[in-house]
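Listed here are the chains, written in short residue letters.
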Amino acid sequence: MSKVDVVIGCFYGDEGKGKVIDYLAADADVAVRATGGDNAGHTIKAGGVKYAMHLIPSGILSGHTTGIIGNGVVLNPKILLEEIANLKSHGYDVERYLKISDKAHVILPYHPMLDAALEGRRTKKIGTTGKGIGPSYCDKYERSGLRMEDLYAAGFAQKLKEAVESKKALLKFYGMAEEEFGDSLDFDGLYGLYCGYAEKLKPYVCDTLTYLHKALERDERVVVEGAQATLLDIDFGSYPFVTSSNPTIGGILTGTGLSALDIGNVYGVIKAYSSRVGEGPYVTELLDATGDKIRELGHEYGTTTGRPRRCGWLDLVALKYAKRVNGLTALAVNHLDTIGRFEKIRMCVAYDLDGTVTEDFSTNLELLDRAKPVYREFAGDFGDLSGCRKFEELPLAAREYIGFIEEYTGIPVKFIGTGAERESMLVRD
Ligand code: IMP
């Protein structure tokens, strides 16, 4: 039986997982999304066309890979149908290649409303994407959420009615007037709309757990496309400045029905520097001209929200933590060319907590606020890396930079991003 390859972001998301997924998907029979919703997003160029993928696994763009939206995903049908229509208009046989878990939870228009209402009331904002992700997961765990299978069940109207009534009461409690509810809390309108979505999505909905396990039994190659990243994990991230799911390895299992024994390679993706969108602690953040330069050189602006990303040096303390949480077997380091444009580069090798130096990451906010990064300096000026096809062809300074990441973390670096193009990636055996 074949083993599953998993791609996971190590820090705060936007590490460039898509590039590694593209590479793996070229040989993959199945690509799976396990967690999150349309808060994730990456733009992928395939056959000269740019696709903004938020929900459908980007592996589907290979043209021969089945994309699965797992049970751990919270799914906005409107966004999903737009993605399906776009793929179809470019000739993709979506009916054949897309499967949606019957257990995936559905986002309704009141979820983004609640997201905005909750964020508005917070004195310390989380900086959510506003897509209704948190409120939708709340419903899941509170056991009042609607799953895909509910849309086809006899009790759908009743469940939706109850949900609408409770959300009305909740929004009123948060100070919203009934006149502001609009179509988002009109039961008849919502019922018609979601019955329409259900009809259109019917061909794709199935028991994806069984599909996945049968694919493995047929020795097919399966890759799981992680969304968000380790430090945004609801348990292991910088709570509450996190997303509402587990983008780490545990969430990959519960979001798909795969078992621990099914997992093979766990690829951790990082950039040769770091970035973060939204609020929350960030030990190596650079609030100076160097941070601005990283943002400009790396084009660090959000795909989903367009927000400028906070930027800083690479944090090896946090990377070691990502290894511990996920069991990373290899790394992908993106943007080596970008960091190589600096004359001197720094990597954070420890945190200084008022004189106590540690290499152990903690998600305790008070500790993270106090932590001062201890840096080690490296030579930069890597020059043009676009012609390098093998690791050995990289300049010495670039090899030393990668070598130190390997030495510090004990994880081999398998993929190295050397340019903006998706093909600009060195792959080591
Ligand atoms: P939510 O997932 O919309 O609730 O947002 C919670 C936090 O996670 C915010 O700081 C977001 O900016 C961040 N976040 C959510 N999804 C992504 C992502 O795909 N990349 C980077 N940050 C994300």
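The following refers to the structure shown. Everything numeric here is computed off the predicted structure, so don't read it as measured data.

Parameters and conventions
- Residues numbered from 1 in each chain as written.
- Predicted model: local features only at pLDDT ≥ 70, side-chain atom pairs only at ≥ 80, totals over all residues.
- Heavy atoms only, no water.
- Helix = DSSP H or I, 4+ residues; strand = E, 2+ residues; numbered from the N terminus.
- Rg over C-alpha atoms; globule rule 2.2 N^0.38 Å.
- Buried < 20%, exposed > 50% of the residue type's maximum accessible area, 1.4 Å probe, protein only.
- Areas by Shrake-Rupley, 256 points an atom, 1.4 Å probe, with all protein chains shown as cover.
- Axes fitted to C-alpha atoms, helices over the stretch in contact; angles between N-to-C directions.
- Parallel < 35°, antiparallel > 145°, perpendicular 65-115°, else oblique.
- Left-handed = near helix turned anticlockwise from the far one by under 90°.
- Contact = heavy atoms within 4.5 Å.
- Nonpolar A, V, L, I, M, F, W, Y, C, P; charged D, E, K, R; others polar.
- Salt bridge = Lys/Arg side-chain N within 4 Å of Asp/Glu carboxyl O.
- Polar contact = N/O pair within 3.5 Å; in protein donor to acceptor, adjacent residues only side chain to side chain.
- Near = heavy atom within 4 Å.
- Phe/Tyr/Trp six-rings, centres within 6.5 Å; stacked < 30°, edge-to-face > 60°.
- Lys NZ or Arg CZ within 6 Å of the ring centre and 35° of its normal.

Looking only at helices and strands, the protein has 14 helices and 19 strands in total. For a compact globule of 429 residues, the expected C-alpha radius of gyration is about 22 Å, and the protein comes in at 22 Å, within 12% of that figure. The principal-axis extents of the C-alpha atoms in the protein amount to approximately 65 × 50 × 40 Å. Burial statistics for the protein: of 429 residues in total, 55% are counted as buried. As presented, the protein carries roughly 18,100 Å² of accessible surface, and 50% of it is formed by carbon and sulfur atoms.

Let us look at the packing of helix α4 (residues 110–121) against helix α6 (residues 156–173). A packed helix pair is summarised by two numbers, namely the angle formed by the two axes and the spacing between the axes. Viewed as axis vectors pointing N to C, α4 and α6 meet at an angle of 20 degrees, and their least axial separation amounts to 11 Å. Looking at the two axes, α4 sits roughly parallel to α6. Crossing of α4 against α6: the hand is left-handed. Every residue of α6 that contacts α4 at Y110, M113, L114, A117 and R121 is listed here: A163, V164, K167, L170, L171 and F173. Looking at the contact of α4 with α6 residue by residue, the classes come out as nine nonpolar, no polar and two charged.

Moving on, we get to the pattern of salt bridges. Under the definition given, this model contains 24 salt bridges. For D5, the salt bridge identified is with R221, shortest N-O distance 3.7 Å. Separated by 216 residues along the polypeptide, D5 in strand β1 (residues 4–9) and R221 in the loop between α8 (208–217) and β10 (222–225) bring together distant segments of the chain. The partly exposed category is assigned to R221, whose relative accessible area is 40%.

For helix α10 (residues 289–297), the complete set of buried residues consists of G291, I294, R295 and L297. Contact partners of the buried residues in α10: β12 (273–276), β13 (310–315) and α12 (336–339). Where α10 starts, the residue carrying a side-chain oxygen 3.1 Å from the main-chain nitrogen of T290 turns out to be D288. Positive phi shows up at H299, right after α10, with a value of about 50 degrees.

Near the ligand, the surroundings consist of 15 residues, among which N39, T129, Q228, T243 and R307 are the closest. Contacts to the ligand include D14, whose side-chain N or O atom sits 3.4 Å from a nitrogen atom. N39 is positioned with one of its side-chain polar atoms (N or O) 2.9 Å from an oxygen atom of the ligand. The protein chains hide 96% of the 470 Å² of surface that the ligand would expose on its own. Of the residues assigned to the shell around the ligand, the class counts are six nonpolar, seven polar and two charged.

The next thing to look at is the packing of aromatic side chains. Within this structure, the stated rule accounts for 15 aromatic pairs. Linked through ring pairs, F378, F382, Y401, F404 and Y408 together constitute an aromatic cluster. Over the ring of Y408 we find K320, and its NZ or CZ is 4.6 Å from the ring centre. Stacked on the ring of F415, the Lys or Arg K414 has its end atom at 5.8 Å from the ring centre.

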